[in-house]
Amino acid sequence: QQKVQQSPESLTVSEGAMASLNCTFSDGTSNNFRWYRQHSAKGLEVLVSIFSDGEKEEGRFTAHLNRANLHVSLHIREPQPSDSAVYLCAVRGENSGTYQRFGTGTKLQVVP
Amino acid sequence: AQTIHQWPVAEIKAVGSPLSLGCTIKGKSSPNLYWYWQATGGTLQQLFYSITVGQVESVVQLNLSASRPKDDQFILSTEKLLLSHSGFYLCAWSLGASAETLYFGSGTRLTVL
């Protein structure tokens with residue numbers, strides 16, 4: 001069964017500094033990765049999707065995927081206090097159909 | 001523009017009582033629909049998904065059931081709540097099985113006492 005782990009559990013960064021979040025997965029056939037964020041017990045919003053090794057940028061959010069290392073990361077450029085939220089990665093295995101497994105989440109706090 | 005509406009926003013219920021949570025999607029025909037559950041401090045777990053009216057697949061049951069009575073409506077229910085049902089329930093939709101970006105509702109906070 002796919003395992004998706006995120007690190008760190010929590011992260012505090014200063015406004016304007018780069019924030020980097022990590023996600024590791026166990027199923028090497030996984031081919032579909034997304035980063036979502038969740039503000040304080042609200043619904044999730046998708047930030048960036050990535051399907052092949054390399055980098056994908058959406059505004060201030062950049063995802064890096066290295067499937068050989070079973071790792072996908074999210075980098076937030078110039079984070080603002082409004083970016084404070086829980087960030088979740090979601091991974092779909094090749095044979096998972098519609099099923100995406102979510103990671104444990106990283107709670108990001110951006111301080112002025 | 002597509003909108004997704006969940007109701008109620010929050011519920012406090014007694015153990016053993018029935019439950020019905022609802023979700024309506026407007027502006028999108030024949031979406032894939034999903035129910036997710038998030039225990040306090042836990043990970044987000046997919047419970048059910050539906051590709052079409054009247055069809056629901058269970059992923060993790062948790063003594064809950066789901067139905068899709070209309071193209072734009074998804075219902076989560078149980079006849080007898082357990083303490084373990086407490087948590088945050090999220091409804092989501094996607095365009096189809098091959099395009100899995102999920103668009104979430106704002107959730108229902110359920111407390112079972």
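Structure first, text after, so check above.
Cut-offs applied
- Residues numbered from 1 in each chain as written.
- Chains lettered and ligands numbered in written order.
- Predicted model: local features only at pLDDT ≥ 70, side-chain atom pairs only at ≥ 80, totals over all residues.
- Heavy atoms only, no water.
- Helix = DSSP H or I, 4+ residues; strand = E, 2+ residues; numbered from the N terminus.
- Rg over C-alpha atoms; globule rule 2.2 N^0.38 Å.
- Buried < 20%, exposed > 50% of the residue type's maximum accessible area, 1.4 Å probe, protein only.
- Contact = heavy atoms within 4.5 Å.
- Areas by Shrake-Rupley, 256 points an atom, 1.4 Å probe, with all protein chains shown as cover.
- Lys, Arg positive; Asp, Glu negative; His and termini not counted.
- Charge placed at Lys NZ, Arg CZ, Asp CG, Glu CD.
- Polar contact = N/O pair within 3.5 Å; in protein donor to acceptor, adjacent residues only side chain to side chain.
- Salt bridge = Lys/Arg side-chain N within 4 Å of Asp/Glu carboxyl O.
- Phe/Tyr/Trp six-rings, centres within 6.5 Å; stacked < 30°, edge-to-face > 60°.
- Disulfide = S-S within 2.5 Å.

**Q** Give a detailed account of the overall build of chain A, specifying residues and quantitative values.
**A** Looking only at helices and strands, chain A has zero helices and 11 strands in total. Over its C-alpha atoms chain A spans a radius of gyration of 13 Å, differing by no more than 12% from the 13 Å that the globule rule assigns to 112 residues. C-alpha extents for chain A along the principal axes are approximately 45 × 30 × 20 Å. Expressed as a percentage of the 112 residues in chain A, the buried residues total 46%. Intrachain contacts of chain A at a sequence separation of at least 6 include 56% that bridge at least 24 residues. For chain A, the exposed area adds up to about 5,300 Å²; of that, 45% sits on carbon and sulfur atoms. The averaged location of the 11 negative side-chain charges in chain A is 7 Å from the averaged location of its 11 positive side-chain charges.

**Q** I'd like a rundown of the side chain of Arg34 of chain A, residues and numbers included.
**A** Structurally, Arg34 of chain A is set in strand E4 (residues 32–38). A distance of 2.7 Å separates the side chain of Arg34 of chain A from the side chain of Thr101 of chain B, its partner in a polar contact. Non-local contacts of Arg34 of chain A, meaning those with residues more than four positions away in its chain, are made with Val46, Val48, Ser49, Phe51, Leu88, Cys89, Ala90 and Gln100 of chain A together with Glu100 and Thr101 of chain B.

**Q** Account for the pattern of salt bridges, with residues named and values stated.
**A** Residues and elements named next belong to chain A. Scanning all chains against the criterion turns up seven salt bridges over all chains. With a shortest N-O distance of 2.7 Å, Glu45 and Arg37 are connected by a salt bridge. Overall, the relative accessible area of 34% leaves Glu45 in the partly exposed class. Residues Arg37 and Asp83 are paired through a salt bridge, measuring 2.8 Å at the closest nitrogen-oxygen approach. Placement of Arg37 in strand E4 and of Asp83 in the loop between strand E8 (71–76) and strand E9 (85–92) is noted, with a sequence separation of 46 residues between them. For the pair formed by Arg37 and Asp83, the shared burial category is buried.

**Q** I'd like a rundown of the side chain of Gln38 of chain B, residues and numbers included.
**A** Topologically, Gln38 of chain B is positioned in strand E4 (residues 32–38). Of the polar contacts made by the side chain of Gln38 of chain B, one reaches the side chain of Gln38 of chain A; its length is 3.1 Å. If we skip the residues at most four places from it in the chain, Gln38 of chain B touches Gln38 of chain A together with Thr43, Leu44, Gly87, Phe88 and Leu90 of chain B.

**Q** Explain the packing of aromatic side chains to me, and be specific about the residues and the numbers.
**A** Across all of its chains, the model carries 11 aromatic pairs over all chains by this definition. Between the aromatic rings of Tyr36 of chain A and Phe104 of chain B, the centroid separation amounts to 5.8 Å while the plane-to-plane angle is 90°, which identifies the pairing as edge-to-face. Pair noted here: Tyr36 of chain A is in strand E4 and Phe104 of chain B is in strand E10 (residues 103–104), and the two residues belong to different chains. Residue class for Tyr36 of chain A comes out buried when judged on its relative accessible area of 0%. Residue classification places Phe104 of chain B among the buried positions, given a relative accessible area of 10%. Aromatic ring contacts, followed pair by pair, group Tyr36 and Phe102 of chain A together with Tyr34, Tyr36, Tyr49 and Phe104 of chain B into a single cluster.

**Q** Give a description of the state of the cysteines that names residues and reports values.
**A** As enumerated under the stated definition, the model contains two disulfides over all chains in all. Paired through a disulfide, Cys23 of chain A and Cys89 of chain A show a sulfur-sulfur distance of 1.9 Å. Across the S-S bond linking Cys23 of chain A and Cys89 of chain A, the dihedral sits near 60°, which makes this disulfide right-handed. Here the residue Cys23 of chain A occupies a position in strand E3 (residues 19–25), and Cys89 of chain A occupies one in strand E9, the gap between them amounting to 66 residues. By the burial criterion, Cys23 of chain A is buried, and Cys89 of chain A matches it. In this model Cys23 of chain B forms its disulfide with Cys91 of chain B; the gap between the sulfur atoms is 1.9 Å. Handedness here is read from the sign of the S-S torsion; for Cys23 of chain B and Cys91 of chain B, about -75°, the answer is left-handed. With Cys23 of chain B in strand E3 (residues 19–26) and Cys91 of chain B in strand E9 (residues 87–94), this pair connects stretches of sequence that are 68 residues apart.

These figures capture arrangement, not role.
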